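# Overview (structure and organization)
The chain contents come next:
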Amino acid sequence: MINSHRQKPEGALVLNLSVLPDPEKERKEIIHRYRRLLRQAKPILKEGDARLIRKAFNLALEAHRNMRRKSGEPYIFHPLAVAEICVGEIGLGTTSIISALVHDVVEDTDIELADIEKMFGRKIARIVDGLTKIKGVFEQGTSAQAENFRKMLFTLSEDVRVILIKLADRLHNMRTLDSMPRQNQLRISSETIYLYAPLAHRLGLNVIKTELEDLYLKFTEQEDYEDITRRLEESKSIRIKFLRSFVQPIKEELDKLAVPYEIKSRPKSAFSIWNKMRKQNIPFDLVFDLFAIRIILQAPLEQEKSLCWQVYSIVTDYYTPNPDRLRDWISTPKANGYESLHTTVMAKNGQWVEVQIRTQRMDEIAEKGYAAHWKYKGNQAGYESNLEKWLLRVRELLERQDLTALEFVDDFRGNLFNEEVFVFTPRGELKTLPVGATALDFAFEIHSDIGATCIGAKVNQKLVPINHILKNGDQIEILTSAKQKPGEDWLRFVVSSKAKSRIKESLKEEQKKVVEEGKDIVSRKLRQLKIEAGPQTTEQLRFYLGEPSNFTLHFKFGKGIYSVNELRRFKEYRQSGAHKDKVRVQEAAQVSPLVIPTKPKSDDILLIGEDMDVVEYKLAKCCTPIPGDEVFGFISVNEGIKIHRSNCTNAPELLANHGNRVIKAKWTSQYEVSFLTGLKVIGTDRVGLINDVSKIISEELKVNMSSISFRSDAGAFEGEIMLYVTDTRHLDFLMGKLEKVDGVVRVSRFDSRPS
Ligand code: MN
């Protein structure tokens, strides 16, 4: 049945007989491998399949009979291995086994595609054709790889089996990369880490992905790879001991559940440890999460979710979980089909340990991808249709048309998600910003006018300052005020280049205006002082004040940093004749700061807790605190930390009865952001009073009102105004002004928002 034609070793000059292939031994090995493939495929074979597979095997064996791989092995080992990966590690069926067996014959031998089609039909011929073409795509060079890769996926992958078989092909080539020349090792490895490993990841083939990554490391960073694998081996006994004591209490509880389970612990892959060491710049000994513990339950489908959460509850009864590291991919599986419940808990020795909770079904899907589904969906007939469904799903995963070629590959590689943050507008439109972007970046992303007038934002309905850093999935509504202007400190609040350049532009515009104003002030006052204005006088004045340029001189007058009194003193100084002593003044000019000293603005931050940390908080609605208020934090049941004013009407109750939930909070200096507060105005009614009050607020004081309502009754009036102020000083000033309005008797701040 097997055509075992093979080159006979020839030539008496060959001295080392041990390296020569032994034809008989090889023939046996080939049969052995072929039978192993059949055994693996057996559970899924339909009638007639075995015959077709043998036909394909015989064709490949004959076609490659005179060929050897670089390692010296018979070539047929390769297609056999690829077919075995397809069935055993990816879960593909007969079509793929046949295609894998003959995948290299059209490329490397006399056999033509038409022969394949005649023997196995059109479907398999198309797949083999795709696999042959892919090779060509990759051989065009490396510069256009990303585009090629996409082309390969979109145009050649009419049948996604092409991609899956290609992945199996690559895996086997990586496993046997040893015998390749160094240059090829590097090229093939890079291609693997750049394209194939992310592809496997995307398809949910995690075992294959991990192996590809480790092989990449082995061939590119050999020393590191060996070092890490050796250290993993050395620390094995310690890990096992640790694991035993860690799972002991959990086991006791799990036994009570009466559900069969298994606890596994697999060390992290060499590649992921290496990656961590490199990214965090730490030695092996400091990589603490060297392994994850996996609890695998044998749960019936309908109880999967509740049992997994029950186990979660057991684990976290014994060990404190890190709330930031809870991942529930059971309620919402990952796009690649991954389902699991992850938590990271603190072991008794203070080490973080990741615990993965899942069922057997989820575990197989996690390891083998969608193909594992068939086992849980009934019989063989079910297998075929589920496989088709999975292949469809693979296609969907690959066909996301919204991405350009490079993004597509980058997306694979996960880079996009590390460097960018995805957020939403109130209407649900997706915006992409660099990681670290703030509410202000977002505002500028929407429109430069919105950015320039941004006073704060609501992120997921919560009021935040403009420098609030955005997280993936945040929904942001920008609050603006026509009175707002970009400040110098804004440059520290943004990371996107768009926001930065817009702010700089606007600061420049603003500076120019101030300089013009300064010029006016100086020339007007000089005139009053009867000093002749002109370039010479300006220069004298500049020396007198030690300013490096006319620009800074006028800027400071425009800003009010220099008052007109300086000009009076300048006049006296001039009269003393000292201005002729230029040398002294010039020295003074040199030591004067070259930077324009603007009024320093402090960070707008509320510090909370003993350590005065910056943490998330909400402002209590009952007393609407604003910066400058004396405040305290209260840990509410559902809404995290709430900030109340110390004189809030609810404060005594909270402080007295729930003292343990009260935490310190204090404002650091003032906000540039405005806060909403309420004022009550009481007085005697008169015509035009409302107009006068609102004029003071909006025009004279340039404060933004959110609402104003007045009631008048028998000559008395009562008004409620909601307005934006920056701090208590600002508010006091405003109240003083309002009290002076004719007819106003009393102005007070009110604590509850009108409903
Ligand atoms: Mn191949």
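I will try to describe carefully the structure that is included in this document. (Residues numbered from 1 in each chain as written. Predicted model: local features only at pLDDT ≥ 70, side-chain atom pairs only at ≥ 80, totals over all residues. Heavy atoms only, no water.)

A word on helix α12 (residues 222-234). Here α12 contains 13 residues, and its C-alpha end-to-end distance of 18 Å stays within 8% of the 18 Å for a straight helix at 1.5 Å per residue. Against α11 (206-220), α13 (236-257), β1 (261-267) and α14 (270-279) lie the buried residues of α12. (Helix = DSSP H or I, 4+ residues; strand = E, 2+ residues; numbered from the N terminus. Expected span 1.5 Å × (residues − 1). Contact = heavy atoms within 4.5 Å.)

A separate point is the coordination of the manganese ion. At 2.1 to 2.5 Å from the manganese ion lie its protein donor atoms, namely H78 (NE2), H103 (NE2), D104 (OD) and D169 (OD). Sequence spacing of the donors to the manganese ion: H-x24-H-D-x64-D. A residue pair is termed long-range when its members are at least 10 positions apart, and H78 in helix α3 (residues 77-90) and D169 in helix α9 (residues 161-175) qualify at 91 residues. Comparing H78 with D169, the two get one shared label, buried. (Donors = N, O, S within 2.8 Å, 3.2 Å for Na, K, Ca; no water. Buried < 20%, exposed > 50% of the residue type's maximum accessible area, 1.4 Å probe, protein only.)

Following the criterion strictly, the structure yields eleven aromatic pairs and no others. Their ring planes at 75° and their centres at 6.1 Å tell us that Y216 and F271 sit as a pair that is edge-to-face. One end of the pair, Y216, is in helix α11; the other, F271, is in helix α14, with 55 residues separating them in the sequence. Relative to F246, the ring of F242 has its centre 6.0 Å away and its plane inclined at 25°; by these criteria the two rings are stacked. Of this pair, F242 and F246 both sit in helix α13, four residues apart, roughly one helical turn. (Phe/Tyr/Trp six-rings, centres within 6.5 Å; stacked < 30°, edge-to-face > 60°.)

Bringing the pairing of strand β14 (residues 631-635) into the picture now. Burial of β14 is extensive: four of the five residues sit out of reach of the surface. Across five bridges, the pairing between β14 and strand β15 (residues 641-645) is antiparallel. Counterpart to G633 in the pairing with β15 is I643. Hairpin connection between β14 and β15: a loop of five residues separates the two successive antiparallel strands, and G640 in this loop has a positive phi of roughly 70°. (Pairing = 2+ DSSP bridges.)

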